[in-house]
Amino acid sequence: MTADELSRADVLEKVREHLSSELEIPLGQISEETRLREDLDADSLDLYELVMELEDTYGISVSEEEAAGIETVADAVDFVAGRLGAAA
Amino acid sequence: MPVTVALDGRGAERGARAVIDGARAAAANGLRLRVFGDRELLAEIRELDGAELIPAAEEITNADEPVAAVRSRPEASVVQAAADVAEGRSEALVSAGSTGATMTAALFALRRMQGVRRPALALQLPVPGGGRPLLLLDVGANTEARAVDLVQFAYLGSAFSSAVLGVERPRVALLSVGEEQKKGSADVVEANARLADAGGIEFIGNLEGRDLMRREADVVVTDGFTGNVVLKTIEGTAKAVADAVRAAARSGARAAVGGTLLRPALGSLRRQLDPDSTGGAILLGLRGVAVVGHGSSGPDGIANAVRLAARAVEERAVDRTAELLERSGMTRGSMR
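Cut-off values and rules
Residues numbered from 1 in each chain as written. Chains lettered and ligands numbered in written order. Predicted model: local features only at pLDDT ≥ 70, side-chain atom pairs only at ≥ 80, totals over all residues. Heavy atoms only, no water. Patch = residues over 30% accessible without salt bridge, like charges linked within 9 Å, V, L, I, M, F, W, Y side chains within 5 Å. Areas by Shrake-Rupley, 256 points an atom, 1.4 Å probe, with all protein chains shown as cover. Salt bridge = Lys/Arg side-chain N within 4 Å of Asp/Glu carboxyl O. Helix = DSSP H or I, 4+ residues; strand = E, 2+ residues; numbered from the N terminus. Buried < 20%, exposed > 50% of the residue type's maximum accessible area, 1.4 Å probe, protein only. Contact = heavy atoms within 4.5 Å. Polar contact = N/O pair within 3.5 Å; in protein donor to acceptor, adjacent residues only side chain to side chain. Buried area = accessible area lost by both parts, 1.4 Å probe. Nonpolar A, V, L, I, M, F, W, Y, C, P; charged D, E, K, R; others polar. Phe/Tyr/Trp six-rings, centres within 6.5 Å; stacked < 30°, edge-to-face > 60°. Axes fitted to C-alpha atoms, helices over the stretch in contact; angles between N-to-C directions. Parallel < 35°, antiparallel > 145°, perpendicular 65-115°, else oblique. Left-handed = near helix turned anticlockwise from the far one by under 90°. Pairing = 2+ DSSP bridges. Core = buried A, V, L, I, M, F, W, Y, C linked by side-chain atoms within 4.5 Å. pLDDT = per-residue confidence, 0-100.

1. Let's talk about a nonpolar patch on the surface
And then number 1: On the surface, Val241, Val245, Leu262 and Leu266 of chain B cluster together into a nonpolar patch covering about 320 Å² of accessible area.
And then number 2: At the level of secondary structure, the elements contributing two or more residues to the nonpolar patch comprise helix 7 (224-249) and helix 8 (253-273) of chain B.

2. Overview of the environment of glutamate 52 of chain B
Residues and elements named next belong to chain B.
And then number 1: Tracing the backbone shows glutamate 52 in strand 3 (residues 51-55).
And then number 2: By relative accessible area, glutamate 52 is classed as partly exposed at 40%.
And then number 3: With 16 residues separating them in the primary sequence, glutamate 52 and phenylalanine 36 have C-alpha atoms 8.7 Å apart.
And then number 4: Ignoring anything within four residues of it in the chain, the contact list for glutamate 52 reads Leu33, Arg34, Val35 and Ile45.
And then number 5: Of note is the side chain of glutamate 52, whose polar atom sits 3.2 Å from the side chain of arginine 34.

3. Thoughts on the interface of chain A and chain B
And then number 1: On the side of chain B, 18 residues touch chain A, which itself brings 20 residues to the contact.
And then number 2: When the two sides are added together, the surface that chain A and chain B hide from each other amounts to roughly 1,700 Å², 34% of it contributed by carbon and sulfur.
And then number 3: In this structure, the connection of chain A to chain B is made through 11 salt bridges.
And then number 4: For the salt bridge of arginine 332 of chain B with aspartate 46 of chain A, the shortest nitrogen-to-oxygen distance reads 2.9 Å.
And then number 5: On the surface where chain A and chain B come into contact, there are 14 residue pairs in polar contact (both at pLDDT 80 or more).
And then number 6: For the side of chain A that touches chain B, the elements supplying multiple residues, two or more each, are helix 1 (8-23) and helix 3 (44-58) of chain A.
And then number 7: With nine residues, the single largest contributor to the side of chain A that touches chain B is helix 3 of chain A.
And then number 8: The residue makeup of the side of chain A that touches chain B, split by class, is seven nonpolar, four polar and nine charged.

4. What about the packing of aromatic side chains?
And then number 1: Summed over the entire model, instances satisfying the criterion amount to one aromatic pair over all chains.
And then number 2: Judged by centre distance (5.8 Å) and plane angle (40 degrees), the rings of tyrosine 48 of chain A and phenylalanine 108 of chain B are tilted. Residue tyrosine 48 of chain A is located in helix 3, and its partner phenylalanine 108 of chain B is located in helix 4 (residues 99-110); the two belong to separate chains.

5. What about the pattern of salt bridges?
And then number 1: Here the structure, examined in full by the defined rule, presents 43 salt bridges over all chains.
And then number 2: In this structure, the salt-bridge partner of aspartate 84 of chain B is arginine 89 of chain B, at a minimum N-O distance of 2.8 Å.
And then number 3: For aspartate 84 of chain B, a relative accessible area of 1% corresponds to the buried category.
And then number 4: The salt bridge partner of arginine 246 of chain B is aspartate 243 of chain B, with a shortest N-O separation of 3.1 Å. Residue arginine 246 of chain B and its partner aspartate 243 of chain B are located together in helix 7, separated by three residues, close to a single helical turn.
And then number 5: Taken together, the shared-partner salt bridges in this structure form one network comprising Lys14, Glu22 and Glu53 of chain A together with Arg111 and Arg287 of chain B.

6. Digging into the packing of helix 1 of chain A against helix 3 of chain A
Residue and element names in this part refer to chain A.
And then number 1: Where helix 1 meets helix 3, the axes come as close as 11 Å, and the angle between the chain directions of the two elements is 140 degrees. Taken together, the axes of helix 1 and helix 3 lie oblique to each other. The handedness of the crossing between helix 1 and helix 3 comes out as right-handed. Contact residues: Asp10, Val11, Lys14, Val15, His18, Leu19, Glu22 and Leu23 in helix 1; Asp46, Glu49, Leu50, Glu53, Leu54, Thr57 and Tyr58 in helix 3.
And then number 2: Taken together, the residues of the contact of helix 1 with helix 3 break down into seven nonpolar, two polar and six charged.

7. Some thoughts on the sheet that holds strand 1 (residues 4-8) of chain B
All names here are of chain B.
And then number 1: In space, the 11 strands of this open sheet follow the order 3-2-1-4-11-10-5-6-9-7-8, with mixed pairing throughout. Lying at the two open borders of the sheet, with one neighbouring strand each, are strand 3 and strand 8 (202-208). Strand-to-strand, the axes of this sheet are offset by a mean angle of 25 degrees, without reference to chain direction.
And then number 2: Pairing between strand 6 (residues 134-137) and strand 9 (residues 219-221): three bridges, direction parallel. Paired with leucine 137 across the strands is valine 221, a residue of strand 9.
And then number 3: Packing against the sheet, helix 5 (residues 147-163) makes contact with strand 5 (120-125), strand 6, strand 7 (171-176), strand 9 and strand 10 (281-284), and its axis sits at approximately 160 degrees to strand 9.

8. Remarks on the nonpolar core
Residue and element names in this part refer to chain B.
And then number 1: Counting residues in each nonpolar core, the largest one holds 67 residues, and the members touching the most others are Leu7, Leu33, Ile45, Leu137, Tyr155, Val221 and Val289.
And then number 2: Here this core takes 11 residues from helix 5, the largest share from any one element.
And then number 3: In contact with isoleucine 45, not counting residues within four places along its chain, are Ile20, Ala23, Val35, Ala51, Glu52 and Leu53.
And then number 4: Within the second largest apolar cluster, 44 residues are counted, among which are Ala56, Val127, Ala281 and Val292.

9. Here's the deal with the confidence of the model for chain B
Residue and element names in this part refer to chain B.
And then number 1: Across chain B, the average pLDDT comes to 91, with 98% of residues at or above 70.
And then number 2: Ranking the elements of chain B by mean pLDDT puts helix 8 last, at 75, and strand 9 first, at 98.
And then number 3: Here the predicted complex scores 0.88 on pTM and 0.71 on ipTM.

Right under this line is the structure:
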């Protein structure tokens with residue numbers, strides 16, 4: 001997938017849908033400001049699964065250090081969008 | 001249609017010979033195998049009916065950090081074998097290599113079952129006197145477990161015991177320091193209260209460690225740290241007692257006569273308690289089947305691990321577990 005085909009909003013929707021499905025939390029309770037650990041009770045395994053989903057979906061690679069820096073939904077979206085140069 | 005099992009051919013403590021002979025025994029039962037490992041050492045696999053060798057140049061060992069190794073080494077045998085299951089060429093994963101690497105590769109490739117917070121490693125423990133083994137979980141997947149995890153483990157273990165081991169209404173107990181409902185850590189007490197009010201499984205309350213081998217429960221639930229300590233304690237104690245019996249039987253002429261007379265019975269007991277007889281531990285709570293063989297598995301252990309994995313596929317263990325969790329309202333979202 002290229003930056004031209006992708007907007008930041010697409011990535012945000014993908015992240016929210018993944019978290020909603022995997023953590024069984026209503027989509028409406030997940031926004032950009034949502035903190036993964038504190039607000040969603042996500043643990044390290046949940047975060048790895050999110051990272052792998054993003055890697056598979058967008059064909060990117062996320063290092064251990066980069067993964068550890070993802071604390072909110074916005075962090076995850078910004079990371080992917082930045083890596084792909086997605087349009088705002 | 002015979003079940004196809006992806007077998008990691010690297011990392012077995014007893015080497016390629018144990019893998020080849022184990023694969024041969026499993027293939028003789030009509031099972032199909034895709035074996036991932038060293039092209040030269042495992043060359044004999046190619047001669048087996050129903051078995052295929054897929055060269056895998058890399059190995060993940062106990063010395064590697066599992067998460068980093070699995071993520072960075074896609075050519076490793078266990079990673080390839082797990083991917084083979086995820087991509088549908090095989091139906092179950094078996095490895096007698098590094099437990100951490102196998103669990104991680106399985107978890108990443110097969111993913112957790114919808115609604116399961118933490119998968120658990122379940123092991124059948126042979127019980128003296130023969131008959132049905134005891135299912136103990138978790139024996140090491142999670143060093144810590146919350147109350148909701150222990151509750152889910154109870155359902156995972158019950159579903160597996162019923163589907164794969166054929167126990168009609170498995171009696172499920174929580175391992176604790178007393179039988180009373182309020183005995184134990186905060187998580188155990190909370191899990192007991194939740195399970196006592198829940199339906200869908202036969203929860204019988206707490207069980208103390210000294211009663212594990214008394215056939216009072218079919219499934220015993222604990223956190224992975226405690227479960228692993230219990231398992232190793234049982235193994236160590238059994239060996240120490242066996243060594244002491246052997247030493248006593250050699251302590252004098254009269255003892256030697258008694259020892260000789262007892263030898264057939266003791267041999268039979270040793271075979272009953274042999275960890276190879278149950279085929280290793282199964283990782284429950286995934287969207288696929290993954291079995292971790294005992295580290296020192298011989299050919300029988302590897303063959304039995306493959307048979308256990310195949311039985312879990314044939315008996316639809318994954319689907320039946322998901323159905324039980326859903327029906328009983330024990331998915332992650334329902335318990336929040």
